[in-house]
Amino acid sequence: MASPYLVPVAQLLRDIPSTYECDFSAPFDEEHEFPPRGIAETDVAPDAPVKVHIVLQSYSGGLRAKGTVEAPWHGVCRRCSNPVLGVSKVSVDERFVDTRGPGDDDAYLIEDDFADLAPLVHDAIFLDLPLAPLCREDCQGLCPYCGIDRNEATCDCQAPIDSRWATLDGLRFMGVEPDESKEV
Ligand SMILES: [Zn+2]
Ligand SMILES: [Zn+2]
């Protein structure tokens, strides 16, 4: 079966301007083109269902691709390291051209009268993935001393007193202002 990402555009390019609506759901990376990222990185599973809604409109010289793509991602909370699931919904506004001229560096290529939406979808989603997701806005993270998940439990750990700051405290007590430029 032909990939739904591959859109025949010969007719569109003949009748200018004309539009074609692409509305489908398909696996993110059917070809398994992208190796899984590191375990701590936000990623999209190859078989994750991507919703694509893109309208192609022809103009003399190419196609305008405008719409939205939506994909579920999985990641790791940067504070507590618990798994996080989310959805990236991205607006796209790109161009497909037959041949790249000046100013077309970021345009996608029409090949053999087909516009392949897959690279466009991959680029849009990968750019939108959060680098450091949180499991929730107010995640308390792990205690840096005992490793307890502060969302679930509390501990009595206290930050050890840094001797440099202890000295500064002494100076303050004696009424001498510490030189701020020497603070680290
Ligand atoms: Zn968290
Ligand atoms: Zn602790």
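Residues numbered from 1 in each chain as written. Chains lettered and ligands numbered in written order. Predicted model: local features only at pLDDT ≥ 70, side-chain atom pairs only at ≥ 80, totals over all residues. Heavy atoms only, no water.

Engineer: Tell me about the coordination of the zinc ion (ligand 1), and name the residues and values.
Structural biologist: In ideal tetrahedral geometry, four donors around a metal make angles of 109.5 degrees, whereas ideal octahedral geometry with six donors gives angles of 90 or 180 degrees. The protein atoms donating to the zinc ion (ligand 1) are Cys 77 (SG), Cys 80 (SG), Cys 135 (SG) and Cys 139 (SG), with metal-donor distances spanning 2.3 Å. Taken together, the four donor atoms surrounding the zinc ion (ligand 1) define angles of 105 to 114° at the centre, an arrangement classified as tetrahedral. Here the donor residues of the zinc ion (ligand 1) share one chain and are spaced in sequence as C-x2-C-x54-C-x3-C. Highlighted residues: Cys 77 in the loop between strand 4 (62–76) and strand 5 (83–97) and Cys 139 in the loop between helix 2 (117–128) and helix 3 (163–173), separated in sequence by 62 residues. (Donors = N, O, S within 2.8 Å, 3.2 Å for Na, K, Ca; no water. Tetrahedral: all angles 85-135°; square planar, octahedral: opposite > 155°, others 65-115°. Helix = DSSP H or I, 4+ residues; strand = E, 2+ residues; numbered from the N terminus.)

Engineer: Can you tell me about the coordination of the zinc ion (ligand 2), naming the residues and giving the values?
Structural biologist: In the first shell of the zinc ion (ligand 2), the protein supplies Cys 143 (SG), Cys 146 (SG), Cys 155 (SG) and Cys 157 (SG), at 2.3 Å from the metal. Linear spacing of the donor residues for the zinc ion (ligand 2) on their chain is C-x2-C-x8-C-x1-C. Among the residues examined, Cys 155 registers a relative accessible area of 27% and is labelled partly exposed. Looking at Cys 157, the relative accessible area reads 33%, which means it is partly exposed. (Buried < 20%, exposed > 50% of the residue type's maximum accessible area, 1.4 Å probe, protein only.)

Engineer: Residues and numbers for the nonpolar core, please.
Structural biologist: In terms of nonpolar packing, the biggest core is built from 38 residues, with Leu 56, Phe 96 and Leu 117 touching the most fellow members. Elements supplying a minimum of two residues to this core: helix 1 (10–14), strand 2 (19–27), strand 3 (49–59), strand 4, strand 5, strand 6 (108–111) and helix 2. Dropping the residues within four chain positions of it, Leu 56 is found in contact with Val 7, Val 9, Leu 12, Ser 18, Thr 19, Tyr 20, Cys 22, Arg 64, Ala 65, Phe 96 and Leu 117. (Core = buried A, V, L, I, M, F, W, Y, C linked by side-chain atoms within 4.5 Å. Contact = heavy atoms within 4.5 Å.)

Engineer: Got a sec to walk through the sheet that holds strand 2? Specific residues and values, please.
Structural biologist: Sheet architecture is open: seven strands sit in the order 1-7-6-5-4-3-2, paired in mixed fashion. Of all strands in the sheet, those bounded by a partner on one side alone are strand 1 (6–8) and strand 2. Going from strand to strand, the sheet's axes swing by 30° on average, the running direction of each strand aside. (Pairing = 2+ DSSP bridges. Axes fitted to C-alpha atoms, helices over the stretch in contact; angles between N-to-C directions.)

Engineer: For the pairing of strand 6, give the residues involved together with the corresponding values.
Structural biologist: Here two bridges tie strand 5 to strand 6, and the two strands are oriented parallel to one another. Directly across from Phe 96, in strand 6, lies its bridge partner Tyr 108. With two bridges connecting them, strand 6 and strand 7 (residues 114–116) associate as antiparallel partners. In the sheet register, Glu 111 faces strand 7, and the bridge partner there is Phe 114. What sits between the antiparallel neighbours strand 6 and strand 7 is a turn of two residues, in which Asp 112 has the positive phi angle 50°.

Engineer: If you had to explain the packing of aromatic side chains to someone new, which residues and values would you point to?
Structural biologist: What the rule picks out here adds up to four aromatic pairs. Ring geometry for Phe 28 versus Phe 126: centroids 5.4 Å apart, planes at 90°, classification edge-to-face. Of the two residues, Phe 28 sits in the loop between strand 2 and strand 3 while Phe 126 sits in helix 2, which places them 98 residues apart along the sequence. The exposure class of Phe 28 is buried, given its relative accessible area of 2%. With centroids separated by 5.6 Å and ring planes inclined at 40°, the aromatic side chains of Phe 96 and Tyr 108 adopt a geometry described as tilted. On the criterion of sequence distance, the pair formed by Phe 96 in strand 5 and Tyr 108 in strand 6 is long-range, its members being 12 residues apart. When sorted by exposure, Phe 96 lands in the same class as Tyr 108, which is buried. (Phe/Tyr/Trp six-rings, centres within 6.5 Å; stacked < 30°, edge-to-face > 60°.)

Remember that the coordinates give geometry; whether it matters functionally is a separate question.
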